[in-house]
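Remarks on the overall topology
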Amino acid sequence: MENDSEVILIGTKKSGESHFDKDGDMVTGFYTISDVEIKKVFKNEKGYKLDRGNVIKVMENGAFDKETNTMYGSAGYQLMKNDKSYLLFLRKSTTHDEYTIKGVYYGKVPLDSNQIEYDGHLNSSKQANNKQIEKLNQMFEKARKKYKE
């Protein structure tokens, strides 16, 4: 994650807007563009303007449809929560003015709690699923220890 990320920072989600691609009533694509206020930058490989207090756009691999009260998420991804802090491993989009989270949920480490934000669908086998969660928790704990505010 570290080597593959152009940017590593701590940020607080301020707001987000979900977007959907639809074919009639069927959702064919989704994402959320979230405003994240920078608290601390650890890595800025390309020299982007990433000063403390700046707000950047981060594309999340999930979306919430308020009309149908439905959460959509790629590979179990859960949206960042407003006013919560996260350690983010990012890459700048090559086509838009936002950053993308590396590794879906691996690149978004919650700092306001030790709970992983993932809906439990990593693997259909419960035993494998528990091992995946344990691995995620270990990875997140290492990241929290290495990158502190």
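Everything that follows concerns the structure shown earlier in this document.
What counts and how
Residues numbered from 1 in each chain as written. Predicted model: local features only at pLDDT ≥ 70, side-chain atom pairs only at ≥ 80, totals over all residues. Heavy atoms only, no water. Helix = DSSP H or I, 4+ residues; strand = E, 2+ residues; numbered from the N terminus. Buried < 20%, exposed > 50% of the residue type's maximum accessible area, 1.4 Å probe, protein only. Contact = heavy atoms within 4.5 Å. Salt bridge = Lys/Arg side-chain N within 4 Å of Asp/Glu carboxyl O. Core = buried A, V, L, I, M, F, W, Y, C linked by side-chain atoms within 4.5 Å. Polar contact = N/O pair within 3.5 Å; in protein donor to acceptor, adjacent residues only side chain to side chain. Phe/Tyr/Trp six-rings, centres within 6.5 Å; stacked < 30°, edge-to-face > 60°. Lys NZ or Arg CZ within 6 Å of the ring centre and 35° of its normal.

This part is about the overall build of the protein. Summing up its helical and strand segments, the protein has 1 helix and 8 strands in all. Along the protein, helices and strands appear, N-terminal first, in the series β-β-β-β-β-β-β-β-α. Burial statistics for the protein: of 149 residues in total, 37% are counted as buried. Sequence separation of 24 or more characterises 62% of the internal contacts of the protein that already satisfy a separation of 6 or more.

For the structure shown, the criterion picks out 11 salt bridges. For K14, the salt bridge identified is with E37, shortest N-O distance 3.7 Å. Residue K14 is found in strand β1 (residues 7-23), and its partner E37 is found in strand β2 (residues 26-44); the two are separated by 23 residues along the sequence. Relative accessible area serves as the criterion here: at 38%, K14 is assigned to the partly exposed category.

To continue, consider the nonpolar core. Counting residues in each nonpolar core, the largest one holds 25 residues, and the members touching the most others are L9, I56, V58, M80, L87, L88 and L90. Elements that contribute at least two residues to this core include exactly β1, β2, β3 (55-60), β6 (85-92), β7 (99-101) and α1 (126-146). Ranked by residue count, the leading element in this core is β6, at 5 residues.

For the rest of this paragraph, the subject is the environment of F42. In this fold, F42 is placed in strand β2. Along the sequence, F42 and F89 sit 47 residues apart, while their C-alpha atoms lie 9.9 Å from each other.

Right, let's talk about the side chain of E60 for a bit. Checked against the element boundaries, E60 lands in strand β3. Looking at E60, the relative accessible area reads 0%, which means it is buried. Polar side-chain contacts of E60 include one of 2.4 Å to the side chain of Y77. Excluding its chain neighbours within four sequence positions, the residues that come into contact with E60 are K13, Y31, T32, S34, Y77, Q78, L79, M80 and I101.

Now for the packing of aromatic side chains. Aromatic ring pairs are reported here in terms of the distance separating the ring centres and the angle at which the planes meet. Counted under the stated rule, the structure contains 5 aromatic pairs. Ring centres of F42 and Y147 lie 4.8 Å apart, and the angle between their planes is 70°; this geometry places the pair in the edge-to-face category. You can see F42 sitting in strand β2 and its partner Y147 sitting in the segment after α1, a full 105 residues away along the chain. Classification of F42 as partly exposed rests on a relative accessible area of 29%. For K22, the ring lying beneath its charged end belongs to F20, and the centroid distance is 5.8 Å.

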